Structures are given as structure tokens and as C-alpha cells.
Amino acid sequence: FELTHYYSAQEGPQPTTQLSEADFPWFRQLMLDDRIVPISSLDDMPAEAALDRENGRRLGIKSNLCLPLTVGSKPIGILGLNTTRAERHWPDPLVKRLQLVAQVFTNALERKRADQALRKSEERMTLAGDAAQVGIWGWDIARNVVWGSERWQQLFGFTGEEEIGFETVLGRIHSEDREVVKQNVQRVLAEGINYTGEFRAILPDGTERWIGARGRAPADTSAQPTRMLGTAIDVTERKRADVAFRASEARLAAGADLAGLGYYEVDYGKHRCFLDDRASEICGVAPDQQGTWQSLEFWMEHVHADDLPEVLAARQDLHEGRNDFVSMEYRYLHPTQGQRWLHHVARLSERSTPPDNIQTFGVFRDITRQK
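In this report, the structure presented in the accompanying data block is examined. For clarity, every value in this text was computed on a predicted model and none was experimentally measured. (Residues numbered from 1 in each chain as written. Predicted model: local features only at pLDDT ≥ 70, side-chain atom pairs only at ≥ 80, totals over all residues. Heavy atoms only, no water.)

Even without being a glycine, Asp34 presents a positive backbone phi close to 60°. Turning to its location among the elements, Asp34 is positioned in the loop between helix H1 (25-32) and strand S1 (37-39). On the basis of relative accessible area, Asp34 is assigned to the partly exposed category, the value being 42%. Even without a glycine there, the phi angle at Asn144 is positive, about 55°. Among the structural elements, Asn144 can be located in the loop between strand S4 (135-140) and strand S5 (145-148). (Helix = DSSP H or I, 4+ residues; strand = E, 2+ residues; numbered from the N terminus. Buried < 20%, exposed > 50% of the residue type's maximum accessible area, 1.4 Å probe, protein only.)

See the structure below:
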């Protein structure tokens with residue numbers, strides 16, 4: 001037993017802060033059984049409580065009332081009332097009133113324990129979030145209070161001093177994204193689904209930041225969720241990279257269209273071949289063969305017989321590493337358009353073990369009119 005609080009109206013023997021369970025085995029079992037134990041006189045204690053009686057007298061106790069502090073069916077402590085001047089009787093009305101006092105202490109202790117457990121949980125979540133560079137957040141829906149780790153607060157530009165509610169967070173979201181976020185959160189609460197989304201946050205200094213957020217409302221016994229938990233991460237750089245990549249792809253596609261280029265990729269290790277629509281059109285590959293290994297075989301079968309040895313030799317030099325770039329012109333027997341002239345440029349993309357696990361990419365261009 002750890003003594004947490006002690007008060008005495010007079011000077012006298014005082015217990016140490018640590019009381020041994022072995023000194024009070026009878027009381028201990030009664031408390032674990034959630035029983036109220038009024039003792040008007042230590043002489044009234046049963047024979048099996050001899051050790052408890054002896055240690056009580058050593059502390060100067062005349063009478064005793066022990067009230068268990070219980071949450072549900074779990075004892076979390078004891079409120080003990082002792083007389084040290086004279087023996088006294090504990091009438092039922094007084095015991096009932098003191099039980100209310102015990103309940104007040106129980107609630108306070110339980111709140112304290114819950115707060116401590118919450119802080120420990122928040123510390124663990126914050127540590128895990130910092131390690132993963134992720135902000136952790138929680139929303140107490142009933143009180144409309146949003147808690148966020150330090151990293152989460154930084155993402156939205158909060159200082160940690162202001163009180164944050166759901167509307168406060170919405171106020172930091174870009175006006176064009178705000179309604180979508182609000183509707184998605186309402187769906188999560190109504191349908192019990194997980195939240196996943198990306199949106200722009202506008203910080204107080206005007207900085208715009210892209211946030212990737214996930215959340216869920218844990219199952220609750222009530223009909224409506226009482227809380228929502230989740231994570232947030234800064235995806236600004238990825239978003240910018242995506243925009244730059246799409247712009248680059250668009251420029252390449254526009255250039256390829258202007259130059260009449262058809263693009264292809266070949267992975268010899270995985271036995272895969274890709275041709276875009278223009279490459280398939282230039283080579284006359286049938287729709288059912290596009291994207292299959294047969295399209296590569298189809299191309300080789302339609303290279304003009306007189307040019308095929310030179311084409312295969314250049315291809316072999318590329319595959320064996322003697323060249324990493326090939327540019328050649330040759331005749332090609334298109335299945336419907338007859339003989340055409342192709343300009344073919346190819347590069348080695350990747351080589352791995354074994355040596356035949358290579359990847360190449362290149363472009364075709366029909367140069368029949370120039371020829």
C-alpha cells in the first residue's frame with residue numbers, strides 16, 4: 001500500500017508512506033472484495049485479523065472505517081478513517097454520507113489517472129509521429145476540441161497557445177478545398193468509413209502548403225462517434241514534383257506529336273514490351289498484339305530482309321554494351337502500307353544480372369517522304 005494523502009487532528013504515531021501488504025492481509029482481502037469494513041473496536045476484529053489488529057494498535061488506532069475506492073469492479077484505492085482518541089460506532093447514515101466522500105475521491109483519482117494515461121499516449125504517438133515525420137491529431141467531437149502534436153500544429157501554423165476546434169482547422173484550409181474536406185468528414189462520421197484526402201492549407205503568413213491527411217472514428221458504444229483520430233503529412237514537394245512531371249510529360253508528348261515519333265520500351269528480363277499508339281501505327285502492329293512480346297517479334301519479322309543483318313548487329317552492340325545509343329535508318333515492310341523507311345533511335349535504360357536482363361527504350365519515325 002502506498003500512502004498518498006494523510007491527515008491527523010493530533011500529534012501521534014504516523015504511518016510511513018509505504019505500508020506493507022503483509023501487515024494488513026485481512027483488510028487487503030476485504031478491500032479487493034469491494035467490502036466496507038466498519039470497526040468500532042479493534043477487539044471486535046476476528047481471529048484471522050490478529051496481525052491487522054496488532055499493527056493497528058501500533059499506529060494508535062481505536063476504531064476504523066475503510067471505504068474501497070472502486071471504478072466499475074476494479075479497486076483503485078482505499079479511504080481509511082481512524083479514531084485515535086476513543087472508540088466510536090459507525091452508524092449506517094454516517095457510513096452512507098462518507099461513501100459519497102469516497103466517490104468524490106474515486107472520481108478525482110480516476111480523472112487524474114485517465115489524464116496521465118492520455119498524456120503518456122500522446123507522448124508515445126508524438127514520438128512515433130516525429131520518427132515518421134507525421135503529425136498526429138485527435139478530435140473530441142462532443143467538446144469540439146482538436147488536439148495535435150507539435151508537428152501537426154506546425155503544418156497548419158498553430159502556436160499551441162490557442163484553443164483549436166474543428167471550425168478553426170477548417171479556417172486554415174484553402175477556400176477551394178474547404179467544403180470538400182467538410183463533406184468528407186461528415187461522411188466519415190455518418191457512414192463509419194476512413195478518411196483519406198489531400199488539401200491545401202493557408203498559414204497565417206500566407207504560405208500555401210499541401211497536406212495529406214488520414215483519419216478514422218474509432219468504434220464506440222454510442223450511436224454517434226465521440227472522437228476522431230488521424231495523421232497528417234506535408235506533401236507539398238510531392239505535389240510540386242507531380243505538377244512539374246505532368247508538365248514535362250505534356251511537353252514531351254507535344255514534341256513527339258509534332259515530330260511524328262512513336263515511343264516503345266522493352267524489358268528483356270521480364271519479357272515485356274510496350275508500344276504507344278503512334279509506334280503501333282508506324283509498325284502496323286495489330287491491336288491484339290499491342291503491349292505483348294509478340295509485337296517485338298512482329299517488328300523483327302517486318303524489317304526488310306536486306307537491312308535486317310545491319311539492324312540486328314546494331315541491336316546486339318547495344319545489348320552487349322559496346323554502344324549505349326543507336327541511330328539507324330532501314331526499310332520496313334508495313335503490312336498494309338507496303339515498304340516504308342523508318343528512322344529508329346534506341347538507348348539502353350538499365351542492365352542487371354544476368355547480362356540479358358536489360359531494358360531499352362526508343363522511338364520510331366516514318367521518313368518515307370524525306371527518302
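Counting 25 residues, the largest nonpolar core has Val266, Leu296, Trp299, Tyr330, Tyr332 and Phe364 as the members making the most contacts within it. If you list the elements that add at least two residues to this core, you get strand S9 (261-267), strand S10 (272-275), helix H8 (277-283), helix H9 (293-302), helix H10 (308-319), strand S11 (325-334), strand S12 (338-352) and strand S13 (357-366). Dropping the residues within four chain positions of it, Val266 is found in contact with Arg272, Cys273, Trp293, Leu296, Ile358, Gln359 and Thr360. One finds Val146, Phe156, Tyr195 and Ala213 within the second-largest nonpolar core, a separate group that totals 23 residues. (Core = buried A, V, L, I, M, F, W, Y, C linked by side-chain atoms within 4.5 Å. Contact = heavy atoms within 4.5 Å.)

Sheet strands pair by backbone hydrogen bonding; their relative direction is either parallel or antiparallel. Reading across the sheet, the five strands line up as S5-S4-S8-S7-S6 and stay open at both edges, with antiparallel pairing between neighbours. The open sheet has two edge strands with one neighbour each: S5 and strand S6 (195-202). On average, adjacent strands in this sheet sit at an angle of 25° to one another, irrespective of strand direction. The pairing of S6 with strand S7 (residues 208-216) spans eight bridges and is classified as antiparallel. Within S7, the position partnered with Arg200 by the bridge is Trp210. (Pairing = 2+ DSSP bridges. Axes fitted to C-alpha atoms, helices over the stretch in contact; angles between N-to-C directions.)

Considering the arrangement of structural elements, one finds Arg315 in helix H10. Here Arg315 occupies a buried position and makes no salt bridge, while the nearest side chain of opposite charge, Glu297, is found at 9.2 Å. Setting aside chain neighbours within four positions, we find Arg315 in contact with Tyr268, Leu296, Trp299 and Met300. (Lys, Arg positive; Asp, Glu negative; His and termini not counted. Salt bridge = Lys/Arg side-chain N within 4 Å of Asp/Glu carboxyl O.)

Turning our attention to the pairing of strand S3 (residues 74-83). In summary, the side chains of a regular strand alternate between the two faces of the sheet. With nine bridges joining them, strand S2 (residues 63-71) and S3 adopt antiparallel strand pairing. Bridge pairing in S3 links Ser63 to Thr83. Two successive antiparallel strands, S2 and S3, enclose a turn made up of two residues, where Gly72 displays a positive phi of approximately 65°.

What follows deals with the state of the cysteines. For the structure shown, the criterion picks out zero disulfides. There is no disulfide at Cys273, and the cysteine sulfur nearest it, in Cys283, is 9.3 Å away. Residue class for Cys273 comes out buried when judged on its relative accessible area of 6%. According to the relative accessible area criterion, Cys283 is buried, its value standing at 1%. (Disulfide = S-S within 2.5 Å.)

Take the pattern of salt bridges next. Counted by the stated rule, this structure contains 16 salt bridges. Note that Asp177 is salt-bridged to Arg200, the shortest N-O span being 2.9 Å. Of this pair, Asp177 sits in helix H6 (residues 175-191) while Arg200 sits in strand S6, placing them 23 residues apart in sequence. Exposure class is identical for Asp177 and Arg200. Each is buried. A salt bridge links Arg187 to Glu191; the shortest N-O distance between them is 3.5 Å. Pair noted here: Arg187 and Glu191 are both in helix H6, with a separation of four residues, about one helical turn. A cluster of three or more residues bridged by salt bridges with shared partners is formed by Glu198, Arg238, Lys239 and Asp242.

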